[in-house]
Amino acid sequence: MKKQAVISCSDKSGVVEFAKELSNLGYHILSTGGTAKLIAEAGIPVQEVA
């Protein structure tokens, strides 16, 4: 089974570093709106969900 993480937050400080570490550990990242955009802009694979 593939590991997944859902990330959605209003205070986005540190979220890119957190997502990067999860990605490095092999997690498939799911995220919402602005958080997903920020993660994607950092070059981290993310699937946007609503």
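Our subject is the structure listed above.
Residues numbered from 1 in each chain as written. Predicted model: local features only at pLDDT ≥ 70, side-chain atom pairs only at ≥ 80, totals over all residues. Heavy atoms only, no water.

Participant: Could you give an account of the pairing of strand E2 (residues 28-32), naming the residues involved and the relevant values?
Facilitator: On a regular strand, one side chain projects to one face of the sheet and the next to the other, so that they alternate. With four bridges joining them, strand E1 (residues 4-7) and E2 adopt parallel strand pairing. Paired with Gln4 across the bridge in E2 is His28. Between the parallel elements E1 and E2, the chain passes through helix H1 (residues 15-24) in a crossover that is right-handed. One ladder, built from three bridges, connects E2 with strand E3 (residues 47-49); its direction is parallel. Paired with Thr32 across the two strands is Val49, which belongs to E3. Between E2 and its parallel partner E3, the chain crosses via helix H2 (residues 33-41), and the hand of that crossover is right-handed. (Pairing = 2+ DSSP bridges. Helix = DSSP H or I, 4+ residues; strand = E, 2+ residues; numbered from the N terminus. Right-handed = clockwise from strand over helix to strand, strands pointing away.)

Participant: Summarise the sheet that holds E2; cite the residues concerned and give the values.
Facilitator: Across the sheet, which stays open at both edges, the three strands sit in the order E1-E2-E3 with parallel pairing between neighbours. The sheet is open, and its two borders are formed by E1 and E3, each paired with just one other strand. With direction set aside, neighbouring strand axes in the sheet form an average angle of 30 degrees. In the packing of H1 onto the sheet, the strands contacted are E1 and E2, and the crossing angle to E1 comes to about 170 degrees. H2 rests against E1, E2 and E3 of the sheet, and its axis sits at about 135 degrees to E2. (Axes fitted to C-alpha atoms, helices over the stretch in contact; angles between N-to-C directions. Contact = heavy atoms within 4.5 Å.)

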